[in-house]
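Tertiary structure, described
This is what each chain is made of:
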Amino acid sequence: GDSIPGTTLLPVPLEGYWSNRSDLALVHYIHTCPRGDEVCTGGLANASDLTIDSQEVVARTECWLPENLTSDACNGDEILCSTGSLGPLCGAVEKGEYYWASLSRTLEECPEEQTSESWTTIALGAVAVVSGGAVYANKDALDEIMSRRIGRGYTIP
């Protein structure tokens, strides 16, 4: 199911793996994707559940022929990476369209627009950072004021 009569296909990575399709000498090295099968679909993953004699079928067989390796019709990002990911090991994302959520280890679409809640969070965070910086920069003056009001034993750590 993974060959064309009279030809030999190049190595096809499985789901969670990637190969460099920029050169015939490099395509034989199959690399594990750090982000796993979430972004690296492999050459078999795009196939339907079709199997022939209990073997998985290569999704786009013509793209794994040596003469088609670097053709425009067989873009490595399109056949090895999930939608939104691209580049070596499918490790980059389409800027402004997708982002890698490291906590959930998933590729997520960017929200259409920022909500007022996220801007409020950003603003409050900035106020906290500026306030903390001001207190730290003026800790000697604040220490003196607080020791007068509270007592001599007070100091800012």
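The residue numbering used here restarts from 1 in each chain and proceeds along that chain's sequence as written. Note on the predicted model: pLDDT of at least 70 is required for a residue's local features to be given, and 80 or more for side-chain atom pairs to be given and counted; whole-chain, interface and lining totals, by contrast, use all residues. Excluding hydrogens and water, the side-chain values take into account all heavy atoms of the structure.

1. A word on unusual backbone geometry
Threshold: Per the convention used, a helix needs a DSSP run of H or I reaching at least four residues, while a strand needs a run of E reaching at least two, with both numbered from the N terminus.
Even without being a glycine, L89 presents a positive backbone phi close to 55°. With respect to the helices and strands, the residue L89 is situated in the loop between β5 (85–86) and β6 (92–93). Its identity as a non-glycine residue notwithstanding, R105 has a phi of 55°, on the positive side. Mapped onto the elements of the fold, R105 is located in the loop between β7 (98–101) and β8 (106–109).

2. Comments concerning a negative patch on the surface
Heads up, the condition is: Patch rule: a residue counts if its relative accessible area is over 30% and it has no salt bridge; like charges are joined within 9 Å, and nonpolar side chains (Val, Leu, Ile, Met, Phe, Trp, Tyr) within 5 Å. Calculation of accessible area relied on Shrake-Rupley with a 1.4 Å probe; when residues are assessed, cover is drawn exclusively from the protein chains displayed. We count a salt bridge whenever a side-chain nitrogen from Lys or Arg sits within 4 Å of a carboxyl oxygen from Asp or Glu. Only four residue types enter the tally: Lys and Arg on the positive side, Asp and Glu on the negative side; His and the chain ends are excluded. Where a charge lies is defined by one atom per residue type: Lys uses NZ, Arg uses CZ, Asp uses CG and Glu uses CD.
A surface patch of like charges, here negative, comprises E94, E97, E108, E109 and E112. Tracing the chain through its elements places E112 in the loop between β8 and α2 (116–137).

3. Brief notes about the side chain of S85
Heads up, the rule is: When accessible area is computed with a 1.4 Å probe and restricted to protein chains, residues below 20% of their type maximum are described as buried, those above 50% as exposed, and intermediate ones as partly exposed. Polar contact is the term for a pair of N or O atoms within 3.5 Å; when the atoms are in protein, one must be able to donate a hydrogen and the other to accept it, and sequence-neighboring residues count only if both atoms are side-chain atoms.
Here S85 lies in strand β5. Given the relative accessible area of 4%, S85 is considered buried. A polar contact of 2.9 Å, which involves the side chain of S85, links it to the backbone oxygen of S82.

4. Describing the nonpolar core
Selection criterion: For this analysis, a nonpolar core means a set of buried residues of the types Ala, Val, Leu, Ile, Met, Phe, Trp, Tyr and Cys, connected via side-chain atoms within 4.5 Å. Contacts are assigned to residue pairs with any non-hydrogen atoms lying within 4.5 Å of each other.
In this structure, W18, V39, C40, W64 and C90 are the most contacted members of the largest nonpolar core, which totals 21 residues. Sorting the residues of this core by element identifies α1 (76–80) and β7 as the ones contributing at least two each. Filtering out sequence-adjacent residues up to four positions away, C40 remains in contact with E15, G16, Y17, W18, C33, L80, L89 and C90.

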